[in-house]
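Chain by chain, the residues run as shown.
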Amino acid sequence: MTRETTQGLRVERAGPQALVQDAGRFGVRHLGVTQGGALDWVSMGWANWLLGNPPDAAALEIAVGGLELHIETSGRLALAGADLDATLDGHPLPLNAGFEVEAGQRLAFARPVSGLRAYLAVPGGIDAEPVLGSVASVVREGLGGLDGRGRALEVGDRLGWRGAAGPARYLPRGVVLPPSAGTHLALVPGAQIAHFTGESVFAAFNSDWQVDTRADRMGVRLTGPELTCRLTGMVSEGIPLGAVQVPADGQPIVLLNDRQTIGGYPRLGALTPLACARLAQCAPGETLRLAAQTPDAARRAYLAQWAHWQ
């Protein structure tokens, strides 16, 4: 039997960028198609968990704010991640929690108070037709989203779902959202790190780095000491999530979900998935440091996060 779609939300003001996202698109990079998916997958996972959804169910990634939604159907939604000064009919919404809505109400996101990206989960996940196995929106490639073209939400768009919210849940004690960058972001050294000068390797892990204004879903540039690599040329190779490329100007670029699939700049290694989620919430000008982590420790931390949602 075909389940009916609940038409629950209508876009009244689109804001700078609101995108339908899930865990991303996998098994297609050999076709030149990038991953996509939620930048802060941890916050999206908790938003879904609050409703009893699978952690990778399609949700709405709201960057910076400026979005207004008209509620067309009563139900329960959940919000996690950045504090974007969200209100329901002008009344502040609790952070990182589920909440009831009634038809006719207005849900609005104003501006960042802390973090950059909030995740709005709906019962069963946003209803959209998968493209190459995912509904993740990638604007540059024109894939995913509500209509398969990867575009950001526009005024008049309707968001529906095919499910019902589970029993009310509350975040476990100790869960902090959005995930803070803290003092350090974990990086698994590798790739061409042996070709960087000793001074550069020392500086990479013992200096402050600032998040540059040149940051988007494709990557985040860091500014700090100039790093020097002795390689004079490279053959392009596959680029994983979190890859830390160092172009000729010596300033690292952390490549995120909408990155290119191959690249030819030397790399220090890659940020761990948890570190990528933290970086996705860092505003331009924020200061951070890089800390080396073993592949085994990174894997254990990743699996531990998923275990919270089982």
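Keep in mind the model is a prediction, meaning the values are calculated, not measured.

Attention now moves to the pattern of salt bridges. When charged atoms on two side chains of opposite charge get close, those side chains can pair. Per the counting criterion, the structure on display carries 19 salt bridges. Of the charged contacts in the structure, one is a salt bridge between D147 and R151, with a shortest N-O distance of 2.9 Å. For D147, a relative accessible area of 33% translates into the label partly exposed. The salt bridge partner of R221 is D249, with a shortest N-O separation of 3.0 Å. Of this pair, R221 sits in strand β14 (residues 219-223) while D249 sits in the loop between β16 (243-245) and β17 (253-255); the two residues are 28 residues apart in sequence, bridging distant segments of the chain. A cluster of three or more residues bridged by salt bridges with shared partners is formed by D147, R149, R151, E154 and D157.

Glancing now at the sheet that holds strand β19 (residues 267-271). Reading around the barrel, the 7 strands line up as β12-β19-β16-β17-β14-β13-β20 and close back on themselves, with mixed pairing between neighbours. Recorded for the sheet is a direction-independent mean angle of 40° between the axes of neighbouring strands. In terms of strand pairing, β16 meets β17 through 2 bridges, oriented antiparallel. Bridging across to β17, V244 finds its partner in V254. Of the strands in this sheet, β12 (184-189), β13 (209-215), β19 and β20 (287-292) touch helix α2 (residues 198-206), which is tilted by about 120° from β20.

All right, on to the domain arrangement of the protein then. Annotation of the protein at the domain level lists domain 1 (7-161) and domain 2 (184-307). Placing a centre on the C-alpha atoms of domain 1 and another on those of domain 2 gives a separation of 27 Å. Contacts between the two partners involve 29 residues from domain 1, matched on the other side by 22 residues from domain 2. Each partner contributes to the roughly 1900 Å² buried at the junction of domain 1 and domain 2, and carbon and sulfur atoms together form 53% of this total. For domain 1, the biggest contributors to the area lost against domain 2 are R29, L39 and W41; these three give 35% of the whole. Where domain 1 meets domain 2, there are 1 salt bridge. E61 is the partner of R217 in a salt bridge, and the nearest nitrogen-oxygen pair spans 2.8 Å. At the junction of domain 1 with domain 2, the criterion picks out 15 residue pairs in polar contact (both at pLDDT 80 or more). Of all elements in the fold, only β2 (17-21), α1 (41-51), β5 (75-83) and β10 (114-121) reach the threshold of two or more residues within the side of domain 1 that touches domain 2. Among the residues forming the side of domain 1 that touches domain 2, the class breakdown is 12 nonpolar, 11 polar and 6 charged.

Hydrogen bonding along the main chain pairs the strands of a sheet, whether they run parallel or antiparallel. Taken in spatial order, the 5 strands make up an open sheet running β2-β3-β10-β5-β8, and their pairing is antiparallel. Of all the strands in the sheet, the pair left with one neighbour each is β2 and β8 (97-101). Between one strand axis and the next, the sheet turns through 25° on average, direction left out of account. Sheet topology note: the strand β3 (residues 59-63)/β10 ladder contains 4 bridges and is antiparallel. Bridge assignment links L60 to a residue of β10, and that residue is L120. Running over the sheet, α1 touches β2, β3, β5, β8 and β10 and is turned about 155° from β5.

Reading the values: the criteria
- Residues numbered from 1 in each chain as written.
- Predicted model: local features only at pLDDT ≥ 70, side-chain atom pairs only at ≥ 80, totals over all residues.
- Heavy atoms only, no water.
- Salt bridge = Lys/Arg side-chain N within 4 Å of Asp/Glu carboxyl O.
- Buried < 20%, exposed > 50% of the residue type's maximum accessible area, 1.4 Å probe, protein only.
- Helix = DSSP H or I, 4+ residues; strand = E, 2+ residues; numbered from the N terminus.
- Pairing = 2+ DSSP bridges.
- Axes fitted to C-alpha atoms, helices over the stretch in contact; angles between N-to-C directions.
- Contact = heavy atoms within 4.5 Å.
- Domains from an automatic or database assignment.
- Buried area = accessible area lost by both parts, 1.4 Å probe.
- Polar contact = N/O pair within 3.5 Å; in protein donor to acceptor, adjacent residues only side chain to side chain.
- Nonpolar A, V, L, I, M, F, W, Y, C, P; charged D, E, K, R; others polar.

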